[in-house]
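Structural overview
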Amino acid sequence: MLIGELAARTGTTTRALRYYEEQGLLEPDRTPSGYRVYGPHAATRVRNVRDLLASGFTVENVKSFVRYLDTDLPEVFEYSPLCADGYVVGARRVAELEEKIAALTRLRDILVHRMPWLATPGDMPQKGAA
C-alpha cells in the first residue's frame, strides 16, 4: 500500500508517517519509481507507535520497544493501553515528587540561612573554606 492509503487506514497524516520514518520508527520499501510502499504489518506498527507516543513515551523508548517486537517475540510482551497508562501515571508521580523535594530543599536553605544553628555539618560551608 502507498503512504496515502496507509494514512487513511490508520487515521493519521502522511506528514506524521514521514516523521515516523525520519525517526526510524517506520521503514517503507521503495518502488523503482521512488514511491513509498508499506507491507500489511505497517498499519499495526503505525497504530502502536502513535499510541505509545501519545501516551508519553519518548521516541527512544518507542524505538527500543519496536526493536524488541522485531525480534519475533511479541507473545512475551504485548503493548496494552493499561501499561502505557501506568507509565504515564508513574512519570507524573515522579515529577510531582521531584517538585516537592525541590520546594522543601529551597525552604530548608532559607531556614538554614536565617537560623544557622539548625544547620548540620554538610548544610553550610565552613568558614575559611574555599
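Read on for an overview of the structure. Please read all numbers here as calculations on a predicted model, not as lab measurements. (Residues numbered from 1 in each chain as written. Predicted model: local features only at pLDDT ≥ 70, side-chain atom pairs only at ≥ 80, totals over all residues. Heavy atoms only, no water.)

Details of the nonpolar core
Judged by nonpolar contacts, the single largest core of 19 residues is most densely connected at Leu 6, Leu 17, Tyr 20, Leu 26, Tyr 38 and Val 62. Put simply, the parts of the chain that give this core at least two residues each are helix 1 (3-10), helix 2 (14-22), helix 3 (42-54) and helix 4 (59-69). When residues in this core are grouped by element, the largest group, five residues, is from helix 3. (Core = buried A, V, L, I, M, F, W, Y, C linked by side-chain atoms within 4.5 Å. Buried < 20%, exposed > 50% of the residue type's maximum accessible area, 1.4 Å probe, protein only. Helix = DSSP H or I, 4+ residues; strand = E, 2+ residues; numbered from the N terminus.)

A closer look at a nonpolar patch on the surface
Taken together, the side chains of Leu 104, Leu 107, Leu 111, Trp 117 and Leu 118 define a hydrophobic patch exposed on the protein surface, amounting to about 560 Å² of accessible area. Mapped onto the elements, Leu 107 comes out in helix 5 (residues 81-114). (Patch = residues over 30% accessible without salt bridge, like charges linked within 9 Å, V, L, I, M, F, W, Y side chains within 5 Å. Areas by Shrake-Rupley, 256 points an atom, 1.4 Å probe, with all protein chains shown as cover. Salt bridge = Lys/Arg side-chain N within 4 Å of Asp/Glu carboxyl O.)

With respect to the pattern of salt bridges
Taken as a whole and judged by the stated rule, the model has four salt bridges. A salt bridge links Glu 21 to Arg 36; the shortest N-O distance between them is 2.8 Å. With Glu 21 in helix 2 and Arg 36 in strand 2 (residues 36-37), this pair connects stretches of sequence that are 15 residues apart. Glu 21 sits in the buried class, given a relative accessible area of 17%. A salt bridge links Arg 50 to Asp 51; the nearest nitrogen and oxygen atoms lie 3.9 Å apart. When its relative accessible area of 25% is taken as the criterion, Arg 50 is described as partly exposed. According to the relative accessible area criterion, Asp 51 is partly exposed, its value standing at 32%.

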